[in-house]
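# Observations on the three-dimensional arrangement
Take a look at the letters that make up each chain.
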Amino acid sequence: MWNKAIEDAVGKVRANMERFGTRFPHISTDGVYQLNDNEDWTNGFWSGMLWLCYEYTGDEDFREKAIETVKDFRRRFDAKIVLDHHDIGFLYSLSSKAQWIIEKDESARQLTLEAADHLLKRWRPAGGGYIQAWGREGDPKEAGRIIIDCLLNLPLLFWAEQQTGDPKYREAAIIQAEKTRRYIVRGDDSSYHTFFFDPSTGEPIGGATHQGYTNGSTWTRGQAWGVYGFALAYRYTGDPLFLETSRRMARYFLTHLPEDHVAYWDFNAPIDKDTYRDSSASAIVAAGLQELLEHLDEKDPDREYFKQGLTDSLTSLVENYSTIGEEAEGLLKRGSYYVRGGLSPDDYMIWGDYYYLEALMRLEKGIKGYWYER
């Protein structure tokens, strides 16, 4: 089943190379990906999919297209096109860092290090320090805000420390991860989407949401970022608190799934026949569980539980949510972007496609994505 799903996905990526041309997919509407000229936070996922397909097939067509995207990320960086946000890791870990990991291309390494420096410009030292998610420094609406999504951008900083030996990258990443663990993860192992601090003193103010159902609800994609992000933080630091947090958030995610093992868009949203799913959240967790499992001892009592959760979720994604055998641009149906804002609440999401493909290739072929050196 996994091989069939991978082969189908690779075929769709190949077809999309011609459809998309030099542009990048974002979210979809009525089954058609919205394309842009590399100016959104999601564009690295397309590059990552191309690199995954190249590693799987060895086909130079995928490599050439992937390198083309990296060149475009250099252009974007030099022109500073929509880079004033925390999602720099999503953009450059899956494009230039992927090229460095696969090919040890020095220009790709240099671009990735420059991207890490750019991400550090979002570091706000007041009150112990944090990476401001959105907006310019001093923005009255965004100053003091961290978000759980940032956990998947921290591997860029951890990697930069390994490459340069400069501790500033690692120190910022650890502080950000620790603040996320302490303030965004709740006592019952659920999570806020965002959390605010007083930007002058660092005094904690409280949790909120941007894309979830309510401030006190648990947005499933945010919970998914936590599962994967804390497991990666453990890989880089060896801090057992990060591993324990990933484990706790994974158990919460799995125990709150519906019968078909694929998440709704928010764990606290009212459930009826019209409630939106978020297949992309379950795809992230399918990849994240594999990272978590790598760090658990063979005799760990949770291993079988998490292995079964991975199998159940990924099987359901393949059998019930994938586009296998269909003429389609996307790989996974029923992803949601921004339900409360009415933006693509039920369609293909390029990050969902990426994590679905990463999860399949990691499970079947040992191709682990581009969050750390292999």
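Scroll up to find the structure.
A brief look at the structure comes next. Quantities reported herein were computed from a predicted structural model and do not represent experimental measurements. (Residues numbered from 1 in each chain as written. Predicted model: local features only at pLDDT ≥ 70, side-chain atom pairs only at ≥ 80, totals over all residues. Heavy atoms only, no water.)

So, on to the overall build of the protein chain. Across its full length, the protein chain holds 13 helices and seven strands. A globule of 374 residues ought to have a C-alpha radius of gyration of about 21 Å, and the protein chain, at 19 Å, matches this closely. Per-residue burial for the protein chain yields a buried fraction of 62% across its 374 residues. Contacts in the protein chain between residues far apart in sequence, at least 24 positions, make up 67% of those at least 6 positions apart. For the protein chain, the accessible surface area stands at approximately 13,900 Å², while carbon and sulfur atoms represent 46% of it. Of note, the protein chain has its 44 positive side-chain charges centred 2 Å away from the centre of its 60 negative side-chain charges. (Helix = DSSP H or I, 4+ residues; strand = E, 2+ residues; numbered from the N terminus. Rg over C-alpha atoms; globule rule 2.2 N^0.38 Å. Buried < 20%, exposed > 50% of the residue type's maximum accessible area, 1.4 Å probe, protein only. Contact = heavy atoms within 4.5 Å. Areas by Shrake-Rupley, 256 points an atom, 1.4 Å probe, with all protein chains shown as cover. Lys, Arg positive; Asp, Glu negative; His and termini not counted. Charge placed at Lys NZ, Arg CZ, Asp CG, Glu CD.)

Our next topic: the sheet that holds strand β6 (residues 194-197). Across the sheet, which stays open at both edges, the three strands sit in the order β5-β6-β7 with antiparallel pairing between neighbours. Two strands lie at the open edges of the sheet, namely β5 (145-147) and β7 (204-208), each paired on one side alone. Neighbouring strand axes in the sheet, compared pairwise and without regard to direction, differ in orientation by 20° on average. One ladder, built from four bridges, connects β6 with β7; its direction is antiparallel. Within β7, the residue paired with Phe196 across the bridge is Gly206. (Pairing = 2+ DSSP bridges. Axes fitted to C-alpha atoms, helices over the stretch in contact; angles between N-to-C directions.)

The terminal C-alpha atoms of helix α12 (residues 303-321), which comprises 19 residues, lie 26 Å apart, in line with the 27 Å expected from a rise of 1.5 Å per residue. Within α12, the full set of buried residues consists of Arg303, Phe306, Gly309, Leu310, Ser313, Leu314, Thr315, Ser316, Leu317, Val318 and Tyr321. Of the surrounding elements, those touching the buried residues of α12 are α1 (2-20), α10 (240-255), α11 (279-294) and α13 (350-365). (Expected span 1.5 Å × (residues − 1).)

Let's shift gears to the pairing of strand β1 (residues 24-29). Taken residue by residue, a regular strand's side chains alternate between the two faces of the sheet. Most of β1 is tucked away: five of the six residues are buried. Here β1 runs beside strand β2 (residues 32-36); their pairing, made up of four bridges, is antiparallel. For Pro25, the partnering residue across the bridge sits in β2 and is Leu35.

Take the packing of aromatic side chains next. In total, this model carries 32 aromatic pairs according to the counting rule given. Plain terms: the ring middles of Tyr183 and Phe197 are 5.0 Å apart, the flat faces sit at 90° to each other, and that makes the pair edge-to-face. Here Phe197 lies in strand β6 and Tyr183 lies in helix α8 (residues 167-184), a separation of 14 residues in the sequence. Taken together through their ring pairs, the aromatic side chains of Trp41, Phe45, Phe90, Trp225, Tyr228, Tyr337, Trp351, Tyr354, Tyr355 and Trp371 make up a single cluster. Sitting over the face of the ring of Trp100, Lys104 holds its NZ or CZ atom 5.2 Å from the ring centroid. Cation over ring: Arg277 sits above Tyr264, and NZ or CZ is 4.2 Å from the ring centre. (Phe/Tyr/Trp six-rings, centres within 6.5 Å; stacked < 30°, edge-to-face > 60°. Lys NZ or Arg CZ within 6 Å of the ring centre and 35° of its normal.)

Under the definition given, this model contains two cavities of 30 Å³ or more. The volume enclosed by the largest cavity comes to roughly 40 Å³. Together, Val13, Asn16, Phe20, Tyr33, Trp46, Met49, Glu329, Leu331, Ile350 and Asp353 line the largest cavity. Contributing elements (two or more residues each) for the lining of the largest cavity: α1, α2 (43-57) and α13. Tallying contributions element by element places α1 first for the lining of the largest cavity, with three residues. Here the lining of the largest cavity is composed, by residue class, of seven nonpolar, one polar and two charged. Taken as a whole, the second largest cavity holds about 30 Å³ of empty space. Of the residues forming the lining of the second largest cavity, the biggest block, four residues, is contributed by α1. For the lining of the second largest cavity, the per-class residue count stands at five nonpolar, two polar and two charged. (1 Å grid on protein atoms, 1.4 Å probe; cavity = no way out; pocket = protein on both sides within 12 Å on 5 of 7 lines; lining within 4 Å. Points joined across faces, edges and corners; volume = space filled by probe spheres on them. Nonpolar A, V, L, I, M, F, W, Y, C, P; charged D, E, K, R; others polar.)

Of all hydrophobic cores here, the largest spans 124 residues; its most connected members are Trp351, Tyr355, Tyr356 and Trp371. Not counting chain neighbours up to four residues away, the residues in contact with Trp371 comprise Phe90, Ser93, Leu94, Lys97, Leu152, Pro155, Tyr228, Leu232, Tyr236, Tyr354, Tyr355 and Glu358. (Core = buried A, V, L, I, M, F, W, Y, C linked by side-chain atoms within 4.5 Å.)

A separate point is the layout of surface pockets. Empty space within the largest pocket amounts to approximately 260 Å³. Lining of the largest pocket is provided by 14 residues; of these, Trp41, Asp87, Trp134, Gln211 and Tyr337 occupy positions nearest its centre. By residue class, the composition of the lining of the largest pocket is seven nonpolar, four polar and three charged.

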